[in-house]
Amino acid sequence: MTALADSARRVLLLAIDVYRHQPDTARWLHDQLRRLDEPLRVAIAGKVKAGKSTLLNALVGEQVAPTDAGECTRVVTWYRDGTTPRIVLHPHIGTPRPLPVRRHDGALEIDLGATSAEECERVVVDWPAQSLRTTTLIDTPGIASTSKDVSRRTVAFLDPDDDTPTEADAVVYLMRHVHAQDAAFLEAFRDQGVARATAVNTVAVLSRADEIGGGRVDAMFSARGIAARYRADPTVRGLCQNVVAVAGLLAQTARTLRQAEHTALAALARTARDDLETELLSVDRFLRAGRDAEVTTEVRDRLLARFGLFGIRLSSSLIRQGADGPAALATELVDRSGLRELEQVLHTQFAERRDVLKARSALLAVDSVLRSGDGTGHHQGPLTREIDRVLSGAHEFTELRLLSALRSGSVTLPKRDADDGERLLGDAGASPAARLGLEPGTPSNEVADAAYAALERWHRHTVNPMLGRATTDACRAVVRSCEGILAGLGTLA
Ligand SMILES: Nc1nc2c(ncn2[C@@H]2O[C@H](COP(=O)(O)OP(=O)(O)OP(=O)(O)O)[C@@H](O)[C@H]2O)c(=O)[nH]1
Ligand SMILES: [Mg+2]
């Protein structure tokens, strides 16, 4: 338990005491207290058909989120770790009721029964999965859909109103590459007010990356290039921590690959390379070539749904290069899908920052109760002061605020050392090694040497009379981060 988590807990307990005579508020605050100890809540958001549910499945490693156009894709759905599979529908009005747990062809089916999506507040799926132990994933309906209601539900969930904080601690925002319409997508991203999303709790995914350039073999290479361009764009930097290109469908299929699929792909890989290339020029050609062929049209249709043209082309080439079983092929496909990069980014930006993101959610929650102003009179003063004290006193929050300001360009660090400063503030991960740009597992004496060098370097900036006030303050914060690293190593008294 970190000092920050302790402080957040203290503020919540104080608030529960202040609001003890208002049962609804007190109960809600109790929920927030429980939330502190729960896994981090990460919402997956984006436009309709951006590939949200598919990516969620890739992250879980199972097909738990329905990807068809059923009623259930229009409901906010939570996926939590649980000992046994269970699905519960929470209506807006009335008591929650369990739904049948059914799988069809490996995919979980969520049947709302007689309840319409509009009547559903949320569906909660408990599912035993390693990846859900540390993170609860929340699938949200597509934003800016043809049905106003659906997008309203997502916006309401992610950014309820000025006074109710969002229920997610962090957001993965999916966007598809829109040729020459970068500005438009950025506006859409901002307009939707995603999750009170500040740059620090949002990671963007360039989704369906295999479709870029019509699914050519170098699609992922192009997609990574585009993601890098977005990352460097000052506007995008102001909106999110990072941009990663992911071919979600490929990742989902790789994580759930079956023997029969490998067998069919291996048969395709045995066809003359040029012939297969020609077949793969379009979906129609590929299907037509199934007539009287070893791999039938029906099997081809299934492969298309699971892999896409790009995935089939890539898989057959990997099999030719020696991926001789489902496990070997799956590993290669996951490597190429961009999923590992995303997992790494989620780890450094979200999991390693768990406590600060949780504490942020908790303080936002108490603050929202205070601002709703249903009077508890003079007791509120100490509570407000306590929130301010934690917000201004915890260096973790100073780091978050500063990283946000640096990303939006409202504050700048000395140009030569700007990247170094952002890294020291925890931009690339909160561990000492990540902050110092060292490999994980670097011996602690080397970490300490690097930290001392950084401390000296940044101390010099703080006494440079040529720098403006805001920059000097920012440099002081970096110095404080260096001191924090050293204190953590036990080398500062
Ligand atoms: N080629 C390709 N297709 C994808 C990818 N991800 C998703 N799809 C396909 O796009 C369609 C929509 O995918 P979903 O995962 O349901 O998208 P979603 O964003 O959850 O959609 P809604 O919840 O309806 O807004 C499905 O047919 C998927 O198979 C991808 O990475 N590549
Ligand atoms: Mg969906």
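Up top is the structure.
Notes on the structure in this doc start here. All values reported here derive from a predicted model rather than from experimental measurement. (Residues numbered from 1 in each chain as written. Chains lettered and ligands numbered in written order. Predicted model: local features only at pLDDT ≥ 70, side-chain atom pairs only at ≥ 80, totals over all residues.)

### Some remarks on the pairing of strand 1 (residues 40-46)
Within strand 1, seven of the seven residues are buried, leaving the element largely enclosed by the surrounding structure. Alternating residues of strand 1 divide into Leu40, Val42, Ile44 and Gly46 and Arg41, Ala43 and Ala45, and every residue in both groups is buried. Note that strand 1 and strand 8 (residues 135-139) share five bridges and pair parallel. Pairing of valine 42 across the sheet is with leucine 137, part of strand 8. In terms of strand pairing, strand 1 meets strand 9 (residues 170-175) through five bridges, oriented parallel. By the bridge assignment for strand 9, isoleucine 44 is matched with valine 172. (Buried ≥ 20, exposed ≤ 12 C-beta atoms within 10 Å, placed from the backbone. Helix = DSSP H or I, 4+ residues; strand = E, 2+ residues; numbered from the N terminus. Pairing = 2+ DSSP bridges.)

### So, unusual backbone geometry
The phi angle at aspartate 105 is positive, at roughly 55°, despite the residue not being glycine. The backbone of aspartate 292 sits at a positive phi, close to 60°, despite the residue not being glycine. Within the secondary structure, aspartate 292 sits in the loop between helix 11 (283-288) and helix 12 (297-320).

### A word on the site of ligand 1
Taken together, 18 residues are adjacent to ligand 1, and Gly51, Ser53, Thr54, Gly142 and Leu249 come closest. For the shell around ligand 1, the elements supplying multiple residues, two or more each, are helix 3 (52-60) and helix 8 (248-255). Top element by residues in the shell around ligand 1 is helix 3. It accounts for three residues. Residue composition of the shell around ligand 1, by class: five nonpolar, eight polar and five charged. (Near = placed C-beta within 6 Å. Nonpolar A, V, L, I, M, F, W, Y, C, P; charged D, E, K, R; others polar.)

### Focus on the sheet that holds strand 2 (residues 77-80)
Spatially, nine strands are ordered 4-3-7-2-8-1-9-10-11 in an open sheet, and the strand pairing comes out mixed. Edge positions in the sheet fall to strand 4 (97-99) and strand 11 (243-245), since each has one partner strand and no second. Between one strand axis and the next, the sheet turns by 25° as a mean value, whatever way the strands run. In this sheet, strand 4 lies alongside strand 3 (residues 86-91) in antiparallel orientation, the contact comprising three bridges. Residue pairing across strands places isoleucine 87 opposite leucine 99, the latter belonging to strand 4. Of the strands in this sheet, strand 1, strand 2, strand 8, strand 9 and strand 10 (202-206) are in contact with helix 3, which crosses strand 8 at around 160°. (Axes fitted to C-alpha atoms, helices over the stretch in contact; angles between N-to-C directions. Contact = placed C-beta atoms within 7 Å.)

### Describing helix 17 (residues 395-408)
Helix length check: helix 17 (14 residues) gives 20 Å between terminal C-alpha atoms against 20 Å at 1.5 Å per residue, within 8%. Taken together, the buried positions of helix 17 are Glu396, Glu399, Leu400, Leu402, Leu403, Leu406 and Arg407. The elements touched by buried residues of helix 17 are helix 1 (3-18), helix 7 (234-237), helix 15 (354-372), helix 18 (418-424) and helix 21 (469-489). Glycine 409, located one to two residues past helix 17, shows a positive phi value of around 85°. (Expected span 1.5 Å × (residues − 1).)

### Overview of the packing of helix 1 against helix 15
The interhelical angle for the contact between helix 1 and helix 15, taken along N-to-C directions, is 20°, at an axis separation of 9 Å. Viewed along their axes, helix 1 and helix 15 adopt a mutual orientation that is roughly parallel. For the pair helix 1 and helix 15, the sense of crossing is left-handed. On helix 15, the residues touching Leu4, Ala5, Ser7, Ala8, Val11, Leu12 and Ala15 of helix 1 are Asp355, Val356, Lys358, Ala359, Ala362, Leu363, Val366 and Val369. Looking at the contact of helix 1 with helix 15 residue by residue, the class counts come to 12 nonpolar, one polar and two charged. (Parallel < 35°, antiparallel > 145°, perpendicular 65-115°, else oblique. Left-handed = near helix turned anticlockwise from the far one by under 90°.)

### Some points on the packing of helix 1 against helix 16 (residues 380-393)
Here helix 1 crosses helix 16 at 170°, and the two axes come no closer than 10 Å. Comparing the axis directions of helix 1 and helix 16 gives the class roughly antiparallel. Across the interface between the two elements, Ser7, Ala8, Val11, Leu14, Ala15 and Val18 from helix 1 touch Gln380, Leu383, Glu386, Ile387 and Val390 from helix 16. Grouping the amino acids of the contact of helix 1 with helix 16 by side-chain chemistry returns eight nonpolar, two polar and one charged.

### Remarks on the environment of threonine 412
Along the chain, the position of threonine 412 falls in the loop between helix 17 and helix 18. A count of 15 C-beta atoms within 10 Å places threonine 412 in the partly exposed class. The spatial distance from the C-alpha of threonine 412 to the C-alpha of leucine 402 is 9.5 Å, given a sequence separation of 10 residues.

### A word on the pairing of strand 8
Counting buried residues along strand 8, five of its five residues qualify, which places the element largely inside the surrounding structure. In this sheet, strand 8 lies alongside strand 2 in antiparallel orientation, the contact comprising three bridges. Each residue of the ladder has a partner; that of tyrosine 79, found in strand 8, is leucine 137.

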